Amino acid sequence: MAITYDQGLSFVQGFGAAIAENKAYLTQLDSEIGDADHGTNMDRGMQAVLAKVGSLEGADLSQLFKTTAMTLISTVGGASGPLYGTLFLGLGTATTGKTELSTEEWSQALDAAVQAVRARGKAELRDKTMIDALQPAADALRESAQDGATLEVALAACERAAEQGMQATIPLVARKGRASYLGERSAGHQDPGATSSWLLVRAARQAFTADT
Amino acid sequence: MKKLINRVEDVVKEELEGIVAAHSDLVRVHFAPNYVVRADAPVSGKTALVSGGGSGHEPMHGGFVGMGMLDAACPGEVFTSPTPDQILEATKAVSGGAGVLHIVKNYTGDILNFEMAADLAKADDIEVEAVVINDDVAVQDSLYTAGRRGVGTTVLAEKICGAAAEAHASLKDVAELCRRVNANGRSMGMALTSCTVPAAGKPTFDLGEQEMEIGIGIHGEPGRERRALATADEVTEMLTRPIVEDLPFKRGDKVLAFVNSMGGTPLIELYIVYRALARYLDGVGVKIERRLIGPYITSLEMAGCSITLLRLDDEMTRLWDAPVNTPGLRWGV
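The residue count restarts for each chain, going from 1 along the sequence in the order it is written. Just so you know, chain letters begin at A and ligand numbers begin at 1, following the order they were written in. The model is predicted, so local features are restricted to residues of pLDDT at least 70 and side-chain atom pairs to those at 80 or more, both for listing and for counting; the totals for chains, interfaces and linings are taken over all residues. To obtain the side-chain values, all non-hydrogen atoms of the structure were used and water was disregarded.

### Overview of the sheet that holds strand S1 (residues 27-30) of chain B
Residue and element names in this part refer to chain B.
Part 1: At least two bridges found by DSSP between two strands is the condition for calling them paired. Under the DSSP-based scheme used, a helix requires at least four consecutive residues in state H or I and a strand at least two consecutive residues in state E, with every element numbered from the N terminus. Within the open sheet, the six strands sit side by side as S1-S2-S4-S3-S5-S6. Their pairing is mixed. Every interior strand has two partners, whereas the edge strands, S1 and strand S6 (128-133), have only one. Taken pair by pair, the neighbouring strands of this sheet meet at an average axis angle of 20 degrees, ignoring direction.
Part 2: Relative to S6, strand S5 (residues 100-105) is paired through six bridges, and the arrangement is parallel. To obtain an axis, a line is fitted to C-alpha atoms, over the contacting stretch when the element is a helix, and the angle between two such axes runs from 0 to 180 degrees between their N-to-C directions.

Have a look at this one:
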């Protein structure tokens, strides 16, 4: 079973809806170890994305993801704008000319996107960032796909890994981003970026396993 | 939340409309993307200075645009970095053919957005150099953090480098000077209260009636240590000692002493802090050669202050004294 353009669109829209729904929660997490704007900023960006992507005429998945990327880069600000922009740009670059994706192709696109985010933000695993949700998610998806799992099973493993990675940020001491200024005091709080990244991976699972 | 605003979404836009209504002799404002440029931009043959960052730190940076200081400022949303397209458009608008210096405060978001903008500007054949200000001694500078934050020294660097650029120093020389100012400036701040980001609607953190936060940043991010409230003299020493020991400032050094309000602390208290600072520095043989006292790099309505010391050399002192004409700083004109 392949991932269609409509499912790609519903992934982007679902991510926007999840951000809107969790706007206050993300901002609350950010106020504990950051500067209390993650939900607000991501929501502003995704609302701008939602206003654009519904009406892309004859676009392929690459154009959909690139439009999302450029909109986030120009509307979000903060660190999240360039980082989520880079993530969607990575998805867009890896899906050039594609109108549908196999499980392997989605896995390769997510791998490329996570690599691009790591290069832009220079973060490693256990730095208490988005990467702590995204990297395990990309790893789990790749491993499931290599084992020949169905799309549903692979996406479920991907989402579970992201959720576990997000929860695993709670005891970590931040080494990147604004939370790192707190040193030891950043431990005991869930990372807001890892949380929005889990929402992204969850939106992908929901969209790609739904009938459209 | 009690604030003198209309709609939360319009805070930055309406502030910029107010700036242009008040200071159209000094600056022009471009909307969507938002940036402030000096009225006579671009100045041909002059190195242009562009800075920017989240809003909520007024007068920094928009209030420092004008003759002898910045050519452009890019205000982001409150406490949110400006976006690359915004920085790129501002860079293009002030480029006078002699290159553009980006003065960037060391925050992950600011660095990422300015880096993307510099890449885009270079693709448009504009020569861009970036200098990162990281003067906050409250943050451990190590491989395991995002590094020291850029705070009070930013204001001093913008003034001093702006004067050099006004005298037609090259991009390379202005960048070098900016790095020298950063290397000789150290800051530390404290908070008596939190602040409320308009879009968040409630205070960023809670601080009890008998508590204070030492080592606070300028975005309401908690500092490193929460302590029992102390007197102005004690607080001044808590801030000044780590600053002096960090560089270190030595007997015989001449400094610019900058006592800054976080927004909610009045001048009467800043002068009480300045009094203690002057005594402390006198005690360790450091001479205050120039001073700046007031709200220049603020954190919305947060009560508290920061202290910045900049070790001066003759060139920096001369450039500090040079004329400046901006909404936020004005002398010699």
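### Structural notes on the pattern of salt bridges
Part 1: Take a side-chain nitrogen of Lys or Arg and a carboxyl oxygen of Asp or Glu: if they are within 4 Å of each other, that pair is a salt bridge. By the definition in use, this model includes 37 salt bridges over all chains.
Part 2: For Asp 43 of chain A, the salt bridge is made with Lys 23 of chain A, and the minimal N-O distance between the two is 3.6 Å. Remark: Lys 23 of chain A occurs in helix H2 (residues 23-33) and Asp 43 of chain A occurs in helix H3 (residues 38-53); sequence separation between them is 20 residues.
Part 3: Partly exposed describes any residue whose relative accessible area lies between the buried limit of under 20% and the exposed limit of over 50%, with all areas from a 1.4 Å probe on protein chains only and scaled to the type maximum. Accessibility expressed as a relative area gives 10% for Asp 43 of chain A, which makes it buried.
Part 4: We note a salt bridge from Arg 120 of chain A to Glu 115 of chain B, for which the minimum N-O separation is 3.9 Å. Residue Arg 120 of chain A is found in helix H6 (residues 103-121), and its partner Glu 115 of chain B is found in helix H3 (residues 108-123); the two belong to separate chains.

### Describing the domain arrangement of chain B
Interfaces are frequently sized by the accessible area removed from exposure as the parts join.
All names here are of chain B.
Part 1: Domain annotation of chain B identifies domain 1 (9-183) and domain 2 (185-319).
Part 2: Centre-to-centre, using C-alpha coordinates, domain 1 lies 23 Å away from domain 2.
Part 3: Should any heavy atoms of two residues lie within 4.5 Å, those residues are counted as being in contact. At the interface, 34 residues of domain 1 touch 35 residues of domain 2.
Part 4: Using a 1.4 Å probe, buried area is obtained as the accessible area two parts lose upon being combined, added over both of them. The three residues of domain 1 that bury the most area against domain 2 are Phe 79, Val 137 and Leu 156, which together make up 21% of that side's buried surface.
Part 5: Viewed at the interface, domain 2 and domain 1 are joined by three salt bridges.
Part 6: For Asp 313, the salt bridge identified is with Arg 180, shortest N-O distance 2.9 Å.
Part 7: We call two N or O atoms a polar contact when they sit within 3.5 Å, provided that within protein one can donate a hydrogen and the other can accept it, with sequence-adjacent residues counted only if both atoms are side-chain atoms. Viewed at the interface, domain 2 and domain 1 are joined by 16 residue pairs in polar contact (both at pLDDT 80 or more). Domain ranges listed in this record stem from an automatic or a database domain assignment.

### Examining the environment of Val 235 of chain B
Residues and elements named next belong to chain B.
Part 1: Among the structural elements, Val 235 can be located in helix H6 (residues 232-246).
Part 2: Distance from Val 235 to Cys 305, taken between C-alpha atoms, is 9.7 Å for residues 70 residues apart in sequence.
Part 3: Look past the residues within four positions of Val 235 in its chain and what remains in contact with it is Met 190, Met 212 and Ala 230.

### Let's talk about the sheet that holds strand S9 (residues 225-228) of chain B
All names here are of chain B.
Part 1: Pairing is mixed across the open sheet formed by six strands, whose spatial order is S9-S8-S7-S12-S10-S11. Of all strands in the sheet, those with a lone pairing partner are S9 and strand S11 (287-294), marking the two edges. Neighbouring strand axes in the sheet, compared pairwise and without regard to direction, differ in orientation by 20 degrees on average.
Part 2: Seen against the sheet, helix H5 (residues 171-184) touches strand S7 (185-191) and strand S12 (304-311) and runs at an angle of roughly 55 degrees to S7.
Part 3: Each of strand S10 (254-261), S11 and S12 touches helix H8 (residues 314-321); the most contacted strand, S11, lies at about 35 degrees to it.

### Considering the packing of aromatic side chains
The description of an aromatic ring pair uses the distance of the two centres, along with the angle that the planes make with each other.
All names here are of chain A.
Part 1: Centre distance within 6.5 Å is the pairing criterion for rings of Phe, Tyr and Trp, where only the six-membered ring of Trp is used; planes under 30 degrees apart are then read as stacked, over 60 as edge-to-face, and the remainder as tilted. A complete count under the given rule lists eleven aromatic pairs over all chains for this structure.
Part 2: Where Phe 11 meets Trp 106, the ring centres are 5.7 Å apart and the plane angle is 75 degrees; that geometry is what we call edge-to-face. With Phe 11 in helix H1 (residues 5-21) and Trp 106 in helix H6, this pair connects stretches of sequence that are 95 residues apart. Note on accessibility: Phe 11 and Trp 106 belong to one class, buried.
Part 3: The interplanar angle of 45 degrees and the centroid separation of 6.5 Å between the aromatic rings of Phe 65 and Trp 106 together place this pair among those described as tilted. Here the residue Phe 65 occupies a position in helix H4 (residues 61-75), and Trp 106 occupies one in helix H6, the gap between them amounting to 41 residues.
Part 4: For Phe 65, a relative accessible area of 1% corresponds to the buried category.
Part 5: Taking relative accessible area as the criterion, Trp 106 reaches 2% and is therefore assigned buried.
Part 6: One aromatic cluster is present, formed by Phe 11, Phe 15, Phe 65, Tyr 84, Phe 88, Trp 106 and Phe 208 through successive ring pairs.
Part 7: In this scheme, Lys NZ or Arg CZ marks a charge over a ring once it lies within 6 Å of the ring centre and within 35 degrees of the ring normal. Its guanidinium or amino end placed over the ring of Trp 198, Arg 202 lies 5.0 Å from that ring's centre, counting from NZ or CZ.

### So, unusual backbone geometry
Leaving glycine aside, a negative phi is the common case for residues, and trans is the common case for peptide bonds.
Residues and elements named next belong to chain B.
Part 1: The omega torsion of the bond from Glu 58 to Pro 59 falls at 10 degrees, within 30 degrees of zero and hence cis.
Part 2: Counting through the fold element by element, Pro 59 comes out in the loop between strand S3 (48-55) and strand S4 (72-78).
Part 3: Geometrically, the link from Met 60 to His 61 is a cis peptide bond, its omega value of -5 degrees lying close to zero.
Part 4: Take His 61: it is sitting in the loop between S3 and S4.
Part 5: Unlike most non-glycine residues, Phe 79 shows phi in positive territory, near 60 degrees.

### Thoughts on empty space enclosed by the protein
Residues and elements named next belong to chain B.
Part 1: Cavity: a set of points on a 1 Å grid over the protein atoms alone where a 1.4 Å probe fits but cannot get out. Pocket: an open set with protein on both sides within 12 Å along at least five of seven lines, its lining residues, like those of a cavity, having an atom within 4 Å of a point. Grid points are joined across faces, edges and corners, and a volume is the space filled by probe spheres set on the points. Using the criterion set out here, one finds one cavity of 30 Å³ or more in the structure.
Part 2: Lining the largest cavity, in full, are Asp 136, Val 151, Gly 152, Ser 187, Met 188, Gly 189, Ile 216, Ile 218, Asn 260, Met 262, Ile 297 and Ser 306.
Part 3: Looking at the lining of the largest cavity element by element, the count peaks at three residues for S7.
Part 4: Residues are sorted three ways: Asp, Glu, Lys and Arg are charged, Ala, Val, Leu, Ile, Met, Phe, Trp, Tyr, Cys and Pro are nonpolar, and all the rest, Gly among them, are polar. When the residues that make up the lining of the largest cavity are grouped by side-chain class, the tally is six nonpolar, five polar and one charged.
Part 5: Viewed by domain, the lining of the largest cavity spans two of them, domain 1 (9-183) and domain 2 (185-319), each represented by three or more residues.

### Some points on the environment of Phe 205 of chain B
Residue and element names in this part refer to chain B.
Part 1: Within the element layout of this structure, Phe 205 appears in the loop between S7 and strand S8 (211-214).
Part 2: Take Phe 205: its relative accessible area is 8%, and that puts it in the buried class.
Part 3: Expressed as a C-alpha distance, the spacing of Phe 205 and Ile 293, which sit 88 residues apart in the sequence, is 27 Å.
Part 4: Not counting chain neighbours up to four residues away, the residues in contact with Phe 205 comprise Thr 193, Ser 194, Glu 213, Ile 216, Gly 220, Arg 226 and Met 302.

### Some remarks on the packing of H6 of chain B against helix H7 (residues 267-283) of chain B
All names here are of chain B.
Part 1: At a minimum axis distance of 9 Å, the contact between H6 and H7 shows a crossing angle of 50 degrees. With respect to H7, the axis of H6 lies oblique. The two elements H6 and H7 cross, and the hand of that crossing is right-handed. Between H6 and H7, the contacting residues are Ala 232, Asp 233, Thr 236, Glu 237, Thr 240, Arg 241 and Val 244 on the first element and Ile 272, Val 273, Arg 275, Ala 276, Leu 277, Tyr 280 and Leu 281 on the second.
Part 2: Here the residues of the contact of H6 with H7 sort into eight nonpolar, two polar and four charged. In this scheme, roughly parallel covers angles under 35 degrees and roughly antiparallel covers those over 145, while 65 to 115 is roughly perpendicular and the rest are oblique. Handedness of each helix crossing follows the sense of rotation of the near helix against the far helix: counterclockwise by less than a right angle gives left-handed, clockwise gives right-handed.

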